[in-house]
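Below are the chains, spelled out letter by letter.
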Amino acid sequence: MAETIAILFVFFVLLAIGMVFFFNIKKVSIEQESEVLYNKKAVEIALKANYLPELGCRFDNIVRDNCLDTLRIKYAQEVMEDTDYYFDIFGFSKISVFQIYPEFEDLGNVYNKEQSGSKFLTRLPTLLYDPIQDEYTLGVINVETFY
Amino acid sequence: MSKRFTKKGQMEIFGLLIIITLIILGVIFALRFVVMKEPTNIQKSFVQEGIAQNMLDSILDTKPNDCYVSTFSDLLVDCADFYPLGAIYCDNLNSCEYSQREIDKILNNSLRNWSYDYEFILERGSTELLRVQNNNCTMERDAALQPFPGSIEIKFYVCS
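Residues numbered from 1 in each chain as written. Chains lettered and ligands numbered in written order. Predicted model: local features only at pLDDT ≥ 70, side-chain atom pairs only at ≥ 80, totals over all residues. Heavy atoms only, no water.

A word on the overall build of chain A
From N to C terminus, chain A includes three helices and six strands. Expected size for 147 residues packed as a compact globule is a radius of gyration near 15 Å; at 25 Å, chain A overshoots this value by more than 25%. Dimensions along the principal axes, computed over C-alpha positions, put chain A at roughly 95 × 30 × 25 Å. Every one of the 147 residues in chain A was classed for burial, and the buried ones make up 39%. (Helix = DSSP H or I, 4+ residues; strand = E, 2+ residues; numbered from the N terminus. Rg over C-alpha atoms; globule rule 2.2 N^0.38 Å. Buried < 20%, exposed > 50% of the residue type's maximum accessible area, 1.4 Å probe, protein only.)

Written as structure tokens, this is what we have:
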């Protein structure tokens, strides 16, 4: 009798250890999967920001790929922060544009809805068009996605 | 009587051994497939691929500073056509020297700061005319290619 109880005790202890281990492993796995999902979301937002027609260079109403208009960038934030339309597209993220050539220059934020917590940073090089000077410079679009 | 108990005890220990073996196998399996699994970095692979193409396209269309030509592609084509002297001079340097200096400056201020390795190569046929690099891209790399008339090619590799 005592032997059976001892065996059962050991069995349940092992079962408990196994369950704790299993749930910990499952937790790690869920965390990894959610990170992949947030990763996908960050990439999606970066792509949307880089190809947003509102900011793109237009010539005779044709939008040029991989090109942002510096004049549109300048006035984008006040327009984009006044409406919920862009929150549905970008969620909690911060989109800023920098010129890196010929000189480094912060062109400001296009969209800024920050949230405390972790974030992903995605950088994409882009062409910047100055419609006043009719010149192209080189820039970077920084997209920080918060989760 | 005691012999019978000993045999029963041995059978139970045998059962426990099977359970422990199964648990150990389960732990090894879990460690192998869950904990030691390489995290999928979609962002990194996408961004690296996007960086190579976007950077090359953007550099080629950018206006060089202190120079009368309107794009870097004009300078690079001139460098390939009139190698090694070049017909265009900017800031007292010929098109090859000037392109080398400015492209190095651009990539240094961007990709190098973001911890990427890269190789920017201008070729005519199989002859290499210009190279700007930060280490060699021997590992997995993303490439962007821009051909021009006259067997001129610009290759840009990004790796990390």
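Back to the write-up after that little detour.
Observations regarding the confidence of the model for chain A
Residue-level pLDDT values for chain A average 87, and 100% of them are 70 or greater. Within chain A, strand 3 (residues 93-101) of chain A carries the highest mean pLDDT (92), whereas helix 1 (residues 2-50) of chain A carries the lowest (85). (pLDDT = per-residue confidence, 0-100.)

Examining the state of the cysteines
All names here are of chain B. In this structure the tally under the stated criterion is three disulfides over all chains. Through a disulfide, cysteine 67 is tied to cysteine 90; the S-S separation comes to 1.9 Å. Residue cysteine 67 is found in the loop between helix 2 (42-61) and helix 3 (72-81), and its partner cysteine 90 is found in strand 1 (residues 89-90); the two are separated by 23 residues along the sequence. Of the residues examined, cysteine 90 reaches a relative accessible area of 3% and is grouped as buried. (Disulfide = S-S within 2.5 Å.)

Structural notes on the interface of chain B and chain A
In this assembly, 39 residues from chain B lie in contact with 36 residues from chain A. Interface area for chain B against chain A, summed over the two sides, is near 3200 Å², with a carbon-plus-sulfur share of 68%. Our count for the contact surface shared by chain B and chain A stands at one salt bridge. We note a salt bridge from Arg64(A) to Asp61(B), for which the minimum N-O separation is 2.3 Å. Taken together, the links from chain B to chain A amount to seven residue pairs in polar contact (both at pLDDT 80 or more). Breaking the side of chain B that touches chain A down by element, the ones donating at least two residues are helix 1 (2-35), helix 2 and helix 4 (95-112) of chain B. Ranked by residue count, the leading element in the side of chain B that touches chain A is helix 1 of chain B, at 13 residues. (Contact = heavy atoms within 4.5 Å. Buried area = accessible area lost by both parts, 1.4 Å probe. Salt bridge = Lys/Arg side-chain N within 4 Å of Asp/Glu carboxyl O. Polar contact = N/O pair within 3.5 Å; in protein donor to acceptor, adjacent residues only side chain to side chain.)

Details of the side chain of Ser58(B)
Locating Ser58(B) in the fold gives a position in helix 2. Of the polar contacts made by the side chain of Ser58(B), one reaches the side chain of Asn66(A); its length is 3.2 Å. If we skip the residues at most four places from it in the chain, Ser58(B) touches Asn66(A), Pro125(A), Thr126(A), Leu127(A) and Leu138(A).

Brief notes about helix 1 of chain A
An ideal rise of 1.5 Å per residue puts 72 Å on 49 residues; helix 1 of chain A measures up with 72 Å between its terminal C-alpha atoms. Of all the residues in helix 1 of chain A, the buried ones are Leu14(A), Ile25(A), Ser29(A), Val36(A), Asn39(A), Ala42(A), Val43(A), Ile45(A), Ala46(A), Ala49(A) and Asn50(A). (Expected span 1.5 Å × (residues − 1).)

Section: helix 4 of chain B
Residue and element names in this part refer to chain B. Restricting attention to buried positions, one finds in helix 4 the residues Ser95, Cys96, Tyr98, Ser99, Glu102, Ile103, Ile106, Leu107, Ser110 and Leu111. Down the axis, helix 4 shows its buried residues gathered within 155 degrees of arc, on one side only. One side-chain oxygen of the residue at the start of helix 4 lies 2.9 Å from the amide nitrogen of cysteine 96, identifying that residue as asparagine 94. (Arc of directions from axis to C-beta.)

So, a nonpolar patch on the surface
Residue and element names in this part refer to chain A. A surface patch of nonpolar side chains, about 610 Å² in accessible area, is lined by Leu8, Phe12, Leu15, Met19, Phe22 and Phe23. Here leucine 8 is to be found in helix 1. In this structure leucine 8 comes out as partly exposed when scored by relative accessible area, which is 43%. (Patch = residues over 30% accessible without salt bridge, like charges linked within 9 Å, V, L, I, M, F, W, Y side chains within 5 Å. Areas by Shrake-Rupley, 256 points an atom, 1.4 Å probe, with all protein chains shown as cover.)

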